[in-house]
Structures are given as C-alpha cells and as structure tokens.
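# Observations on the model geometry
If you want the building blocks of each chain, they are given just below.
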Amino acid sequence: MTIIHNRSLDDIAENTPTLRGNAFTRAFSGGSLPRLIGMLLLILILAFLTLYPLGMLLYGSLHSTPPGMAGEFNLNGYRSIMTTQNLIVLANTVGISLAKTIPSLVIAVFLAWIIARTDTPFRGTLEVLITLPFFIPPILTAMAWGMLANPQVGVINMVWRWMSGGTDPLVNIYSYGGVIWHMCQYSIPFLFLFMVDAFRAMDPSLEESSRMCGASRWTTFRKITLLLMLPVLTSSFMLSFIKGIETFESALFFGLPAGIKVITTDIYESINHRATPDYQYATSLSFAIMGLMLLLVIAQWAILRGKSFQTVTGKGFRPNVMELGPWRWVTFAFCVLFFLLTVVLPVGQLMLGSFFRFFGFYTYDMLTLEHYRSVFSNSEFWRALRNTMVLGLLGASATMVLGAIVAYISIRTRWRGRSLIDGMAWLPWMMPGMVLGVGFLWAFAMLPGPIPIYGTIWALLLAYIALGTPVAVRVMTGSYHQLSYDLEECSRVHGASWFQTMWRILVALAWPAFAVGWVLTFFGIMRELSASILLYSVGSETLAVVLMKLWANGNAEQVSVIGLMMMLMVIVFRWVQLAFINARVSKL
Amino acid sequence: MTTSKFNMSAMGSWSRRVFLAAAGSAAIIAAAGVPAANAQDAEWQKVIDAGKKEGSLVLYTALVGQPSTKQIAAAFTKEYGINVEVLEARASEIRERVRVEQSAGRFAADVMFTSEGQTMLYDTEDKSVDPLPVTPNSTKIGDRFKLKVPMASVMTIPYGIMINTGLVKPADEPKSWKDLADPKWQGKILSDDPRAIGAGYLWFFSTYTRIGEDYVKKVADQKLVFTRDQRESQRRTARGEYSIYTPVIMTDFSDLKGLPVKFIIPEEGVPYVLYGNVLLKKAPHPNAAKLYLDFMQGPTVQKIYASLGYGPVLAGMTEGLPADVKAISEAKLYGTTDTTRQNEMLAKSKEIFK
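Residues numbered from 1 in each chain as written. Chains lettered and ligands numbered in written order. Predicted model: local features only at pLDDT ≥ 70, side-chain atom pairs only at ≥ 80, totals over all residues.

The next point concerns the overall build of chain A. A tally of helices and strands in chain A yields 26 helices and zero strands. In chain A, buried positions account for 50% of the 588 residues. Pairs at least 24 apart in sequence give 79% of the contacts found in chain A among residues at least 6 apart. (Helix = DSSP H or I, 4+ residues; strand = E, 2+ residues; numbered from the N terminus. Buried ≥ 20, exposed ≤ 12 C-beta atoms within 10 Å, placed from the backbone. Contact = placed C-beta atoms within 7 Å.)

The following block contains the structure:
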C-alpha cells in the first residue's frame, strides 16, 4: 500500500485541526446536537429495517414456537443443527460458493478492466450486453440450461454427438459443475456491474507512472490496478460469496437430481416440506450461518482499516484507456464469447420458445403468438407491473439515498456510531431470503394495531429497502473510498456551500456508482419473491408473485415472455443511464 | 350497527346446533311436512341476505396459479353479487400468514382453500379455523368426503403416471404402480421427490401402505432421479430426458396436448389430495364465507372441476364430459396421506430413498 500518497481520514483528523473533518461534518459544526439527532434517526431507521425483523427471527430460533404461539424458550433449535450431516452440507455449500465466487471475480475483474480501461472496440455496447443474464429470473435460465445441457437430449450434447460420433455427453448440467455454472451466470454480471465504475473512476496516471518506471502491463495491472481496487474487490468478494452460500434456485434445480445438498435447500425443506414448518430449526441454522459470515465481514474491515484507496483526486483526472493494439480484438473476442455463452445461448432458447406452443418443440405447426397475447391481456400482469414499477422506483431511490448516507458517514466521517450503522446495513445480506421474508412477516404483522404497515404496499416497500440496503451501501462505499478528501476541502475553500459541495463533488463524482446501485436495487425488487409472497395483499401483487403463479401453473412460455420484457427494460434503463444521464451529471 | 347485529343474528341462527336440531327432529317435523323445509329455507335466506350485505369475501388459496379460481370467483359473484378477493401463496406460506395474522389480531381472511392434511394442522395446531357450518349443499356430497376435520370438501386432485410415447412402446406401457419396479425402467424414471411433502411423498405413502415396503424398495433400486418442479418435469419428460415421470397431476393432461406424452391411470387407482374450504376464525365476512363454502359444493363449481378432470365430491357431475376427461375425473381413488403419520413416514421415505 506504500504507493498511495493521498491523505487518509486519519491524516485529516490528525494533521488538519483547522478544518476539523470534512464538508459534511462542518455543515453541522454549529453544534453536535443536530448531528446526534441525525445519527439517532438513522440508527432508528436501520434498526427498524434490519434489527427488528432479525430480532423476531432470533426469537423464533430461541423459542419452541414462532411468535404469537404459546411455548417456551430453549436452545433446541441450535442443538438440532449441530449434526455431522449439517457440517458436511455446510462444507459442501462453502465449497460451491468459493468455486463460483473465485472464477466469477476473476472473469468480472477482467471484463471490467476490458470495458473500463482498454480501447476494446464496441465496449459501450458490450457493457450493456454482458450484464443481461443478471436481470433474467433464475428459474428461466435454469430451464434454458436444462434444455441446452441435459445429458440425454440437451442441444449441446446432441450437437457434440453428431460431431464426434460418440454416445457420451459432453456436458451435464445436473452436476456440481452445472450448479456452479448457473450461479456464475448471475455473479459475473453482478460483480462486473459492481466493479466497472470503480475501474473507470481510477486516475490512469498511477498506472502510467508504473509503466514509466518499467513495470510490465501485467505487473502494473497486478500491483497498481488491482491493489487500488482492494475495497471494491473485497466488498465484491464478500457480497458474492455470502450470496453464494444463500443461493437456492441453482442448487434446487440442478443439484437435487444429482444428490447435491446445500444449506438453503435444507432450510427450504424445513419450512416447506415438513408436516409442520420447523421455524426454530430454519432460523437457528440461518443465524449460525450469519455468525460465520460476520466473521468474514470483520476480516474485511480489518483488511481495509487505516488504508487509503483514493484514486479520484483534485490533481486533474484524465479519463484514459490503455491502447492494446491488435490485442484489443482478443479482448473483444473474449467479451463476445462471454456474451454468446451467457446470453445468446440461454436467452435465445427463451426467445425462440416464446413463439412456440411449447419450449423445445420447434415445428411449424407449433408456432404461435398466444403466449404474448395471454400476457398482454392478463389484467393481473398489468396491475402487478404497475405495482412493481412504483415499488421499484420508490424503493430503489429510497434505498440508494439511505445507502449513500450510510456509506458516506461510514467512510468519510469519524462520527461515533458509524461502524454500527455500517454493520446494521450488512445484516440483511447475511440472512437467506426465504428466512428473512418470514422475519418481515412476523415483524410487520406483530406491530401494534394503529401502525398501518402490514397488509399495505408499505410493508413491501420497507422490506425492499431493507433487502437492498447492503448492496446500496457497498456500491457507494466503494465509490466514496476512491474520492480524495482534497476535493471536498477544495470546494469549501473556494467558497462553495455544503450543499454545493455535496452536489458537485460527491453526487457528481459518485453518480455512476449511485446509478449502478439503483439499477441493481430496482431489478432486485422486480425479482424479489421470498418477502413479497408473505407480505403482498390483495391488489398489491408484484411481478415476481405473478411470475411464480404462472410458473406454478406450468406457463413457462408466458414467464419467458415477461422475462424477455424485463430484459428489454434493462437495456433501455442502462442505455438511458450510460448514454444520457451520466453525460449530463458529469457536466455538473 | 344495524347491519352488524343482523349479521351476527344470521350467523348464529344458521349454526350447526340449529341445523342438527332441525335434522334430528326430522321425523316429528315430517308430520308437518313442508314447514320444516320452509324453516330451513328461511334460515338460509337470512344467510344469503346477510352475505349480500357484506358484499365481499377474502379468499386465501394454496392452489396457486389455477385459472379455475378466477372462473369460480366470477361465477360466485354472478350468483350472489359478492366480490371475491383472492390471495394466492404456497401452502406453508399461506398457513404462516394466517397464523401470524390471527395471533396479531388481524382477521383479514374469510375462507381458505386448502388440503385435508393442512386443515388438520390448522385445526389442531394453529387453532385458526372455526367449526364447519352445515349448508344446504354440504349434506349432498358423497359420504367419503364428509370429514372429521372442519373442511368442506370440494374436489380431489388425482395423480398417475406419465410416459413419453416416443420412448415407451405401447406394449411396454406401465399399467400398474407395480410396473414401475420393472428393472427395464432403471435410470429412466424422473420422480417427484418422495422425501419431502408433495406428490412424490403422496405416491410413497399410498403405495407403501397398500402394496408394501418391498415394492417401494424395489422402486428405490431403479435409480430414480428426483425433482421438485412438477410442471417443468412434465416438459423434461416430453422432451425425451426420461421415459417416465411419476406421479403426475392427471389434470395437466389437457395442457400438454400436442406433446408426445400419455397420461396413464394405474389399474389400482390414483393417489389423491382432497381439497376443500375452511372457515377462518373471526372471518370479517362470515355469511359471505358460508355462501362461498356452499357454492363450492354445489353443481356449478362441481361441474367446473369435473370438466377439468378433478374428482368432484358431488355425484353425477361427469355426465356429458369428453371420454378422456371423464376417465380421469372418475378415476378410482387409491389413497391419500395421513397427517398424523407424516413425520414417521417422511423418516421412512428418507431411509429408503437415501
């Protein structure tokens, strides 16, 4: 870390007593009371969104019956999870998550570097295209990959047999490899989205200095680029690894037939496939996992503590890209290959299938537009779309504002309690969605009668904000880590007010991260089912609920139509963000 | 307040006690002939009037995504002018919602459409249901569907065997559940997971208790491939991944017309799940709820279900149906699960199907 000479927060506190902190801090320099009230309010909001539902779940793990039923406090839940079998399943789960996180991170870093730091052709278009798989409901890509890579009649294996003349399949999606591959389809674009703007925001002069000093491209990439990206990389790793532990669809769809068990399938079974749902077992297991995950978060804090990663400084920031010469076509080919494998193959299946009566039966007499007609004439779909758009717009905006504030206080101030709010914002990410959904149900339903949240659209909105906050905070944290404190101080020295400083420096410079976080949160809301199914009320159905109903009734083709529409929406959103909003904000 | 008093009066008057008293006195009243029937009609009319005044009904259903729910709700609205608001979720989710809502004093739902097994749990563990009211149609259903648990039976969901006709020659088609143990099917059967509550477990319970453990062990030796997604599994079998998918929801046959598959009713009969309505505690629209319960057991709804292949609980509903639908709707009922033995049998299934 010796290469970084920008000042850290500690330096500011120690060496610049006259400034006494940064713009945000000084805004309240008239007294600590407003700050105290602000912090308390923030802690209360986060406590309500995260600690309260988790507290209900903790009660569930320590009580023989769920909230509202007579029972007794005991540790039976925790005792029941202490089995050799669970230890094996846990090891299996951690192994699968590592096996998908590490290659995903490597590929995502490479893709982010290609798109943000090189002169690879068509990288603007590629940036939108390679992120598409993340936005498709996992059940659809699972179905598509089931058709492509099942060992018996999968398209890939049929082609392989035809070409090789053999009888053995080339790939089998119902295997460890299949589970990991399907998870990678989501983690690579997620990680890419998470990191690409951090790569873009980096001052290229640091890399150029390294090259000038004789370091090779690879050494520069390894010792400068990657090291500067440490906060973003560790955050990305944590988010992806923890999500990997909690991933459910891939393991259920591809793992179950192969006898592969993970923690979440065990939790799912304890809630959904026992005579009486065993919430004590499910919550105890979830808290045990959460405890392990917390250790990782603490490790990340320890790694990053006291180090500075500022790459956006007041010294003149020249967005620049590395000229790869003929190699740019190699990087281009890599992106195209990734796009073909992760988007064209599965989405092609979905698109093709949506025009036929049944997936996989592509004959002339099966051609139909009936699935599109059914979706467009389904009033429930339109109502759900409307609800979801409202919830998505409000939810994503509120989540990002909350995330930006938490990240700001956590990274750019030395206020007491900043670690507490940062930790609180992490918590929802560490609880499997299906369990956290139950926590929200218990929490909101058990509120005193006069608080009208349960049974209203507010319950969904609050749950979405809680669920989205961890990503929002991580995205903004990565971005704020990169901004030098000089920028704020410069702005203030030149007479800008606190709001002007916030707007022109922090908002304008952190905008790309905010926008990416917003898109991630928005589409997270569009896909969220675990909490939605337990909190929606008559008339407030969301798109995920409608998709679940259609899927449960065997209307996979209609689900695909909706999935394709969601993807189209992503393309429009990303295009607007990249081509229009970013350009305008950068002029602020 | 007037409406509320009226509702309560109507609710109380058409109680089980009154009805049974009336029924128990049938012999005496028979002497009077018509007046007894008139008295009952008058009481029921009060329920109808009160239900119409309530104007709406909140239905929770664990049968997710079925277009028939909307069709029936529309027919009910047409009949009584009462609007039906439907909330759908999977069985465990909807059960927890009801339990928590009632614990918190939020009595939002009137009626729950669920299975016989779930009803027992609602009744004995959650205590979230009211005793079943006796309604005009409730006396007309088949005796085997009059239950001890407080569920007004509506229909049965039958389960059978599905084959891929491209992979299974007509001569080889399984005709009995026992045929699944034939070694020629080894590695060729896709099965709903019998180790978890669901269709696979229903098959396991029925055949284990009726054919025996040896049979189930032989099937376990067939190297079954397990799944928990019933509809997608039908498609996978149709596409040729497996020769057989079992057990299949027989009523899905109409959705897969045009695909190379065949639905087989085993000669022993079809394992089934009995679905019906329960009246939830402190239902906000109690009279509308009773009307709905009655309506679901009446000929209009029974014919809708029979036309889809479900087993009606009212006799004579399958007349005039196409032969294939009629065969499924009238299929001999083979067996269902017993909730009181669920933990024991799940453990046994896990032991056999490791």
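Next comes the rest of the write-up.
Attention shifts here to the overall build of chain B. Counting its regular elements, chain B contains 14 helices and 11 strands. Burial statistics for chain B: of 354 residues in total, 49% are counted as buried. Within chain B, contacts between residues at least 6 apart in sequence are counted, and of these 79% link residues at least 24 apart.

So, about helix 3 (residues 33-62) of chain A. Residues and elements named next belong to chain A. A bend of about 45° at Ala 47 is the largest found in helix 3. Here helix 3 has its buried residues at Leu 42, Leu 46, Leu 49, Thr 50, Tyr 52, Pro 53, Leu 54, Met 56, Leu 57, Gly 60 and Ser 61. Where the residues of helix 3 are buried, they touch helix 4 (76-81), helix 15 (279-304), helix 18 (379-412), helix 19 (418-426), helix 20 (433-445) and helix 21 (457-482). (Bend = angle between axes of the 7 residues up to and from the residue.)

Here we take up unusual backbone geometry. Residue and element names in this part refer to chain B. The omega angle of the peptide bond from Thr 246 to Pro 247 is -15°, so this bond is cis rather than trans. Tracing the backbone through its elements, the reader meets Pro 247 in strand 7 (residues 244-249). With a phi angle near 55°, Lys 223 is a residue other than glycine that sits in the positive phi range. Among the secondary structure elements, Lys 223 is positioned in the loop between helix 9 (213-220) and strand 6 (225-227). C-beta crowding within 10 Å serves as the criterion here: with 10 such atoms nearby, Lys 223 is assigned to the exposed category.

Quick look at the interface of chain A and chain B now. Counting residues at the interface gives 43 residues for chain A and 46 residues for chain B. Those elements that place two or more of their residues in the side of chain A that touches chain B are helix 7 (138-149), helix 14 (263-272), helix 20, helix 24 (530-535) and helix 25 (543-552) of chain A. The element that contributes the greatest number of residues to the side of chain A that touches chain B is helix 20 of chain A, accounting for four residues. A breakdown of the residues in the side of chain A that touches chain B according to their chemical character gives 26 nonpolar, 13 polar and four charged. (Nonpolar A, V, L, I, M, F, W, Y, C, P; charged D, E, K, R; others polar.)

For Glu 96 of chain B, the location among the structural elements is in helix 6 (residues 91-103). Excluding anything up to four places from it in sequence, Glu 96 of chain B contacts Pro 277, Val 438 and Leu 441 of chain A.

Turning our eyes to something else, we now look at the confidence of the model for chain A. All names here are of chain A. Averaged over all residues, the pLDDT of chain A is 83; the fraction at 70 or higher stands at 88%. Averaged pLDDT values for the elements of chain A fall to 43 in helix 1 (residues 9-15) and rise to 95 in helix 17 (residues 370-376). Low pLDDT (under 50) marks residues 1-21, which in the prediction has 22 contacts with non-local residues, meaning those over four places away or in another chain. Within the model, the stretch residues 23-30 combines pLDDT values under 50 with 15 contacts to residues more than four positions away or in other chains. (pLDDT = per-residue confidence, 0-100.)

Turning our attention to the nonpolar core. The biggest cluster of nonpolar side chains holds 271 residues, and the ones touching the most others in it are Ala 112 and Met 195 of chain A together with Val 111 of chain B. It is helix 9 (residues 176-200) of chain A that contributes the most residues to this core, 16 residues altogether. (Core = buried A, V, L, I, M, F, W, Y, C linked by C-beta atoms within 7 Å.)

This part takes up the pairing of strand 8 (residues 261-264) of chain B. Residues and elements named next belong to chain B. Every second residue of strand 8 is oriented toward a common face, the buried set being Val 261 and Phe 263 and the non-buried set Lys 262 and Ile 264. Relative to strand 8, strand 4 (residues 152-164) is paired through four bridges, and the arrangement is antiparallel. Note on strand 8: the bridge partner recorded for Met 162 is Phe 263. (Pairing = 2+ DSSP bridges.)

Residues and elements named next belong to chain B. With domains assigned, chain B is organised as domain 1 (2-155 + 273-322) and domain 2 (158-272 + 330-352). Facing 10 residues of domain 1, the contacting portion of domain 2 comprises 11 residues. Only helix 7 (116-126) and strand 9 (270-279) provide two or more residues apiece to the side of domain 1 that touches domain 2. When residues in the side of domain 1 that touches domain 2 are grouped by element, the largest group, three residues, is from helix 7. Here the side of domain 1 that touches domain 2 is built from residues that sort into six nonpolar, four polar and no charged. (Domains from an automatic or database assignment.)

At a minimum axis separation of 7 Å, helix 5 (residues 84-117) of chain A and helix 9 of chain A run at an interaxial angle of 35°. Crossing angle aside, the handedness with which helix 5 of chain A passes helix 9 of chain A is right-handed. (Axes fitted to C-alpha atoms, helices over the stretch in contact; angles between N-to-C directions. Left-handed = near helix turned anticlockwise from the far one by under 90°.)

Quick look at the pairing of strand 4 of chain B now. All names here are of chain B. The buried fraction of strand 4 is high, at 13 of 13 residues. Taken together, the six bridges between strand 4 and strand 9 define a ladder with antiparallel strand orientation. Each bridged residue has a counterpart across the sheet, and for Met 155 the counterpart in strand 9 is Tyr 275. Sheet topology note: the strand 4/strand 10 (residues 311-312) ladder contains two bridges and is antiparallel.

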